[in-house]
Amino acid sequence: MRLVIGELRKLWRLSIVLALLLLSALFYLLFPSYYVTVGLGRNEPAHTTLMLARSWAGRFGPTIDARERAEIAQDLAEEQGRLAAFLATDERAQALGITSWDELRAADEARLEDAAAGMELPDDGFSELWSAVLEDADGYLIQEMEAYLVGWDARAADPDYTVALPSYVGDAAFARVRELGMRAEDGYLSVYIMEMLGFYMRYLAVHVLAATLVLVSPVLVRDRLHRVRPLQLTSRSGQRVLWAQLVATLVSAAGIAVVCLAAYAVPLAVLGVFDLGSSMVGSLAWDVRFPWFDMSMGLYLGIRAAMVLMLGLATAAFAFALSRVSAGYVGVLLKAIPLFVVLGPLASPMLFDATFCIREPWSGADWVIPPGGEAAALALVAAAALALACGLCAHQRSRSGLLR
C-alpha cells in the first residue's frame, strides 16, 4: 500500500493538477457547456420540451397513456385560449385578422410556402407578431404540445413502425419496434433532449480520456529518464513497484472519471434533468427512437456514466503500456495521440450517441449495433488493455528472476 501511495503522490503533482484544472475548464467552456447552458437551457424547442417533460414526469409518471393524452389535449386547449386572449388585444393581430392559434399557424405556413416559391413577403408586421407569440405568449409551448399530440395520434392510428425501417436492421429490431408500437403507453422524452445529452456525454468521455492520458502517460518514462528503473530492479520491493504503478494509474483514472462525472452532473441538476430519473427513454410519438431495452432516464444516465468510467480505466491501462515501451516523452506522445484519436473522436460517437438504441454505428453503414453492443465492445477493449498492462508487469518480474 505504501508503494501505491508513493506512486499516487508522484502522479498527482501540484503542477500537473493545476494544469489539468486549467485545461479542463477551457475544454468545458469551449465544447460541452453549449449543450446544457444553451442547447437545453435556452435554445428552442429543446428547452420547452425539457420543461414539458419535467412537468409530465411529476403529473403522469414514467409514460403517458390514452387518458393522460386527453389531459394534455385539455391543457393545450387552455393554452390556445390564453393565446386567443393575447391576440385579441394585439394591434398587429387585429390588423391581420388573426384571432386564434390555428389562424396564426396557417398564416405562417402560407408565408413559408410563398418564400419557398421566391415571392416577396409583405412588411405587414406578421414576423414581429409571430416572434412575440413564440417568446411572450407561450407559442413554443403550444407548438410542442401540439406536435406531441399529432405524433401520438399518428402512432395510435398506425402502431406498426416497422414499415419505416430498412431491411438490414434484422428480425430482432423488427420485433422490438413492433412491440413498442403496440403498447398502450408511450414515453415523452423528445429527440432534442436525448441528442443534447448524447453530445454532452460524448464530450464528457473525450474529457476523461484526454485528462487521463495527460496524467498517466509519462508515469514510466519519468522513472526511466531519471534512471530510477535500474535501482528498482535491485530489490524485492522495487520489483513490485511496476504493479504499484499500474494500480496507482488505474486509481487515478477512476478518480478523474468520478470528478468529471460529478462536475458534469451539476449543470444537469440545475436544469432539472434528474427530475426525469423515472421517465422512460424513447418516444414514438415525439421522435423515432427505438431503444433495445426498457430503460428509465436514471438508468440510462447511470449506464453511460459506467461506460465513461470503463473508458477511463481502459485509457489508463493503454497509457501505462505505451509508457512502458517508450524511451522518452516524444515517443509516448507519438503513441498517445493515435490512441486519443481512436478512443476519443472516432469511438465516442459510436459509444455515446443514442446508446442502446436501434441504429447504425455510423452514417451509411448497412448494419445496426446489436443490443448492448456499445457496452460489450467497450468492455472487451478495457479487458484487452488491462491484460496488456498486466502482461507487461508480469514480463518485467519474470526478467528479474525474483518469481515467487
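Residues numbered from 1 in each chain as written. Predicted model: local features only at pLDDT ≥ 70, side-chain atom pairs only at ≥ 80, totals over all residues. Heavy atoms only, no water.

Q: Help me understand the pattern of salt bridges, please; the structure alone is not making it clear to me.
A: Where charged atoms from two side chains of opposite charge come close, those side chains can pair. A full pass over the atoms with the stated rule returns 19 salt bridges. Between Arg183 and Glu179 there is a salt bridge; the shortest N-O distance is 2.8 Å. By relative accessible area, Arg183 is classed as partly exposed at 26%. The network of salt bridges with common partners includes Arg59, Arg67, Glu68, Glu71 and Asp75. (Salt bridge = Lys/Arg side-chain N within 4 Å of Asp/Glu carboxyl O. Buried < 20%, exposed > 50% of the residue type's maximum accessible area, 1.4 Å probe, protein only.)

Q: Is there a simple way to explain the environment of Leu339 in this structure?
A: Mapping Leu339 onto the fold places it in helix H17 (residues 329-346). Classification of Leu339 as buried rests on a relative accessible area of 12%. A sequence separation of 24 residues divides Leu339 from Thr315, and the C-alpha atoms of the two residues are 8.2 Å apart. What Leu339 contacts, discounting residues up to four positions off in sequence, is Leu213, Thr315, Phe318, Ala319, Leu322 and Gly344. (Helix = DSSP H or I, 4+ residues; strand = E, 2+ residues; numbered from the N terminus. Contact = heavy atoms within 4.5 Å.)

Q: I'm lost on the packing of helix H15 (residues 241-271) against helix H16 (residues 297-324) in this one. Help?
A: Packed helix pairs are characterised by how far apart their axes lie and by the angle those axes make with each other. Between H15 and H16, the least distance of the axes is 9 Å, while the angle of their chain directions is 145°. You can see that H15 and H16 cross each other, and the crossing is right-handed. Across the interface between the two elements, Leu242, Gln245, Leu246, Thr249, Leu250, Ala253, Ala254, Ala257 and Leu261 from H15 touch Ala305, Val308, Leu309, Gly312, Leu313, Ala316, Ala317, Phe320 and Arg324 from H16. For the contact of H15 with H16, a count of residues per class yields 14 nonpolar, three polar and one charged. (Axes fitted to C-alpha atoms, helices over the stretch in contact; angles between N-to-C directions. Left-handed = near helix turned anticlockwise from the far one by under 90°. Nonpolar A, V, L, I, M, F, W, Y, C, P; charged D, E, K, R; others polar.)

Q: Could you clarify how one ought to interpret the side chain of Thr212 in this entry?
A: If you trace the backbone, Thr212 turns up in helix H11 (residues 191-216). Its relative accessible area of 0% is what places Thr212 among the buried residues.

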